[in-house]
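Here's the letter readout for the chains.
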Amino acid sequence: MHIDSQLIEKLKRNALDIGLDVFYIICMLIFMFECFHLNMIPTKFLVLIIAALLILAFILIIIDILEYKGWIKITKRACSVVLSIFLCFGAFFMWKVNSAMASIDNSPTVMTNRITVMVPADSSVNALADLSNAKIGYQEGNDADNANYVIDQLLSDTTLVNPTYESYTNYLTLAQDVLSGKVEAMIFTSSYASTLNEQIEDFDTKFKIIATFDRANSNTASQSTKDISKEPFTIYISGMDEVGEPTINLRSDVNLLLLVNPLTNHIEMVSIPRDAYVPNTAAANFPDKLTHTGIYGIDTTISTMEKVFGFPIDYYAKVSFTSLIEIVDTLGGINANVAVTFCEQDENRSFAPEDLICLNQGEQTLNGKQALAYARHRKSYGDIERTMAQQEIIKGIINKVLSADGINKVPTLLEIGPKYVSTNIPMDLVKRLIKSEAEEIQPWTFETLHMENGYSDMYPTASMGADLPLSVYILNREDVRTVYRKYLQMFETMKLNEFAFRLDDLSDPVEYPLESPYMLWTDNVTTKIYQFYSLEYPETEPSEDEENPEGEIDPNDPEGEKPNEDPNMPDHPGEPSDPTDPEPGTPEPPAETPDQDPEAPVIDPTLPVDPTQPIDPTLEP
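Please read all numbers here as calculations on a predicted model, not as lab measurements.

Draft legend 1. A look at the overall build of the protein. Counting secondary structure elements, the protein contains 18 helices and 19 strands. Expressed as a percentage of the 621 residues in the protein, the buried residues total 48%. Contacts spanning at least 24 positions in sequence make up 74% of the contacts within the protein whose residues lie at least 6 apart. As displayed, the protein has an accessible area near 30,400 Å², and 56% of this comes from carbon and sulfur atoms.

Rendered as structure tokens:
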């Protein structure tokens, strides 16, 4: 009984110290749990952390048992409080990171086509019911699916009585007829708004929306099985040209292809001009602007670029104007070297003097709106220079994230990620990459590539129709081959610092082995365009086992007829015909290619190449 009273007295005397010890142990266990759950800390560091925490707990308990007095006891209490607070903060930090990554993984993979019913801004029509007995126009070409979806919705609307529907081949003619009063309203997919803004002055202010419909489309999950902590991989970054959520299908205004090599800590940043003239896989591979492929969804843009470059794209990250503003502002701004002095419209496309964003040339810190203005500005130069500015912004963001101040903002960035970034990169793989990099921290190096040896011209596009030539950028074959070589080099065992590459040295035995027959290059566009130009653009791509429809040209068949071709069609829109040109009915001769072994196997040029497999040396580009 005497012993029990002494023990009780001792516990009362050391109650504060015992409480602090218990609190420390609870914080320590929670911290350990979050460390294991996060799974981003290398094992060797995790063992050291746990050992250190256990030793500290043992020391704190021993001090209490021995009942040290004076400064030792005060120091012990202070250390216990500080350590407990540190552990709680660390556990909370890791919980936020883990929760944010989980929300990104669980974010919907559904992309949305936003379709509207529009009328002139000064029209008395304010609701669908006001269009009873009215004429409604719609686009029946490559956007027919969206139009038919809305028509089905309108047919079920009991307030809309007896409307008539009139079809158009393109949105420009339709919009002009609505403004002239030939039709009262139009069904319009909002992703085409930016393109019509370039054709109709003040398009946004000349129309008003009276109804909106969202049509969902599922995105294909990544098929890549790579361990990105050990294998090189590719990421496509798509920047939409509007504000809002990245789940809306809109034009892809920023197009960056990252070739990431975790073995050498090196990233190749390939900027692709938004106006690049490429085969649109959603329109039977007919030529289109790369930016327009975003209208059909991120899957279309990726499959199109795989045809261009000849290798698979493993993952994507899709952002909008809002995304860039939020990311840069969350980081507290980024450093960038602005190439020119300029003024640019704001994120809402306003050119009002009070809304203009003006920047001076030189190194400076940019906020979100300024970074966006610099990334999209191109009036002072061409598309290539704009891609350089976009790379400058991306490097600024990466450098800020990797800085001491930026690392503290990572949880907040991950928290806003699901709202402003759409990606198919599994977060488990991201954790594995971070864990691998933390094992042996090495600086990352960056190199930039630009598709700068092509040229701009006026040609029709699959998305806007053959009767509306637009400014496009014709890619140079060697620029694409350079990117392909860089891709193959990631899979070689040589160290990055032992490798040197010169653009003027083409003695590299590795050539671009697979080339899509639908590609139009600087050396063949003026002749090969006739295989597409005078044809009506198909709505969907035929399946592989479907025979070539009557009247459709196979780009591999130079002997094929060219139905509906205008014999007076010049090489370039707006240019007179050259009298020395062959007769229009003359079949196009096969393109000149290097000699090739007739025994060489035939490879489907539409399939991406697998760099892990040897290339048949008998094949020539």
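Now that the structure has been shown, we can carry on.
Draft legend 2. A look at empty space enclosed by the protein. All chains considered together, the criterion is met by one cavity of 30 Å³ or more. If you trace the largest cavity, you find it lined by Ile272, Ala276, Val278, Leu290, Thr304, Met305, Val308, Phe309 and Leu475. Residue classes in the lining of the largest cavity are distributed as eight nonpolar, one polar and no charged.

Draft legend 3. Local environment of the environment of Val81. Among the secondary structure elements, Val81 is positioned in helix H4 (residues 70-105). When the C-alpha atoms of Val81 and Asp21 are compared, they prove to be 9.1 Å apart, with 60 residues separating the residues in sequence.

Draft legend 4. Expanded view of unusual backbone geometry. If you check the backbone angles, Asn39 has positive phi at about 55° while not being a glycine. Of note, the phi angle at Asn265 is positive, near 50°, even though the residue is not glycine. Here Asn265 lies in the loop between strand E7 (252-261) and strand E8 (266-271). What makes Asn265 buried here is its relative accessible area of 6%.

Draft legend 5. Structural view of the packing of aromatic side chains. Counted according to the given criterion, the structure contains eleven aromatic pairs. Plain terms: the ring middles of Tyr171 and Tyr192 are 4.9 Å apart, the flat faces sit at 55° to each other, and that makes the pair tilted. Of this pair, Tyr171 sits in helix H6 (residues 171-180) while Tyr192 sits in the loop between strand E4 (185-189) and helix H7 (193-199), and the two are 21 residues apart along the sequence. Both residues of the pair, Tyr171 and Tyr192, belong to the buried class. Summarising the aromatic geometry, the rings of Tyr487 and Phe491 are spaced 5.2 Å apart at their centres and angled 65° between planes, so their arrangement reads as edge-to-face. Tyr487 gets classed as buried once you look at its relative accessible area, which sits at 0%. Members of the aromatic cluster, joined through ring pairs, are Tyr171, Phe188, Tyr192, Phe203 and Phe207.

Draft legend 6. Molecular detail of the packing of H4 against helix H15 (residues 410-420). In contact at an axis separation of 8 Å, H4 and H15 are set at 25° when each is read in the N-to-C sense. One finds that H4 runs roughly parallel with respect to H15. For the pair H4 and H15, the sense of crossing is left-handed. Contacts between H4 and H15 involve Phe93, Lys96, Val97, Ala100, Met101, Ser103 and Ile104 on the former and, on the latter, Pro411, Leu414, Glu415 and Pro418. Taken together, the residues of the contact of H4 with H15 break down into eight nonpolar, one polar and two charged.

Draft legend 7. Helix H3 (residues 43-66), seen in detail. Counted at 1.5 Å a residue, the expected span for H3 with its 24 residues is 34 Å, and the 35 Å between its end C-alpha atoms agrees. The set of residues buried in H3 consists of Leu46, Ile50, Leu53, Ala57, Leu60, Ile63 and Asp64. At its buried positions, H3 is contacted by helix H2 (15-38) and H4.

Draft legend 8. The environment of Arg477, seen in detail. Structurally, Arg477 can be placed in helix H17 (residues 477-489). Among the residues examined, Arg477 registers a relative accessible area of 16% and is labelled buried. The spacing of Arg477 and Trp521 is 44 residues in sequence and 6.1 Å in space, taken between C-alpha atoms. With residues near it in sequence (within four places) discarded, Arg477 still touches Glu515, Trp521, Asp523 and Asn524. Among the polar contacts made by the side chain of Arg477, one reaches the side chain of Asp523 at a distance of 2.7 Å.

Draft legend 9. Representation of the side chain of Ser229 in the model. Within the secondary structure layout, Ser229 lies in the loop between strand E5 (207-218) and strand E6 (233-240). Only 2.6 Å separates the side chain of Ser229 from the side chain of Asp227, close enough to count as a polar contact. What Ser229 contacts, discounting residues up to four positions off in sequence, is Pro262, Arg432, Leu433 and Ser436.

Draft legend 10. Expanded view of the state of the cysteines. Summed over the entire model, instances satisfying the criterion amount to one disulfide. Between the sulfur atoms of Cys343 and its disulfide mate Cys358 the distance is 1.9 Å. Disulfide Cys343-Cys358: the torsion about the S-S bond is 110°, which places it as right-handed. A residue pair is termed long-range when its members are at least 10 positions apart, and Cys343 in strand E13 (residues 342-344) and Cys358 in strand E14 (residues 357-359) qualify at 15 residues.

Draft legend 11. Examining the packing of H4 against helix H16 (residues 427-439) more closely. Between H4 and H16, the shortest axis-to-axis distance is 9 Å and the interhelical angle comes to 140°. Here H4 lies oblique to H16, going by the angle between them. Along the contact surface, H4 presents Asn98, Met101, Ile104 and Asp105, while H16 presents Met427, Asp428, Val430, Lys431 and Ile434.

Draft legend 12. Quick look at the confidence of the model for the protein. Looking at the protein as a whole, its pLDDT mean stands at 77, while 77% of the residues score no less than 70. Of all the helices and strands in the protein, helix H1 (residues 2-13) carries the lowest mean pLDDT, 61, while strand E9 (residues 277-280) carries the highest, 94. Confidence drops under a pLDDT of 50 for residues 493-498, and excluding neighbours within four residues, the segment shows four contacts in the predicted structure. Scored below 50 in pLDDT, residues 535-621 makes 117 contacts in the model with residues more than four places away or belonging to other chains.

Draft legend 13. Highlighting the pattern of salt bridges. Throughout the structure, instances matching the rule amount to 17 salt bridges. In this structure, the salt-bridge partner of Asp21 is Lys76, at a minimum N-O distance of 3.0 Å. On the criterion of sequence distance, the pair formed by Asp21 in helix H2 and Lys76 in helix H4 is long-range, its members being 55 residues apart. Given the relative accessible area of 7%, Asp21 is considered buried.

Draft legend 14. Main features of the side chain of Asp17. Looking at the secondary structure, you find Asp17 in helix H2. For Asp17, a relative accessible area of 0% translates into the label buried. Excluding residues that lie within four positions of it along the chain, Asp17 makes contacts with Asp64, Lys73, Lys76 and Arg77.

Rules used in this analysis
Residues numbered from 1 in each chain as written. Predicted model: local features only at pLDDT ≥ 70, side-chain atom pairs only at ≥ 80, totals over all residues. Heavy atoms only, no water. Helix = DSSP H or I, 4+ residues; strand = E, 2+ residues; numbered from the N terminus. Buried < 20%, exposed > 50% of the residue type's maximum accessible area, 1.4 Å probe, protein only. Contact = heavy atoms within 4.5 Å. Areas by Shrake-Rupley, 256 points an atom, 1.4 Å probe, with all protein chains shown as cover. 1 Å grid on protein atoms, 1.4 Å probe; cavity = no way out; pocket = protein on both sides within 12 Å on 5 of 7 lines; lining within 4 Å. Points joined across faces, edges and corners; volume = space filled by probe spheres on them. Nonpolar A, V, L, I, M, F, W, Y, C, P; charged D, E, K, R; others polar. Phe/Tyr/Trp six-rings, centres within 6.5 Å; stacked < 30°, edge-to-face > 60°. Axes fitted to C-alpha atoms, helices over the stretch in contact; angles between N-to-C directions. Parallel < 35°, antiparallel > 145°, perpendicular 65-115°, else oblique. Left-handed = near helix turned anticlockwise from the far one by under 90°. Expected span 1.5 Å × (residues − 1). Polar contact = N/O pair within 3.5 Å; in protein donor to acceptor, adjacent residues only side chain to side chain. Disulfide = S-S within 2.5 Å. pLDDT = per-residue confidence, 0-100. Salt bridge = Lys/Arg side-chain N within 4 Å of Asp/Glu carboxyl O.

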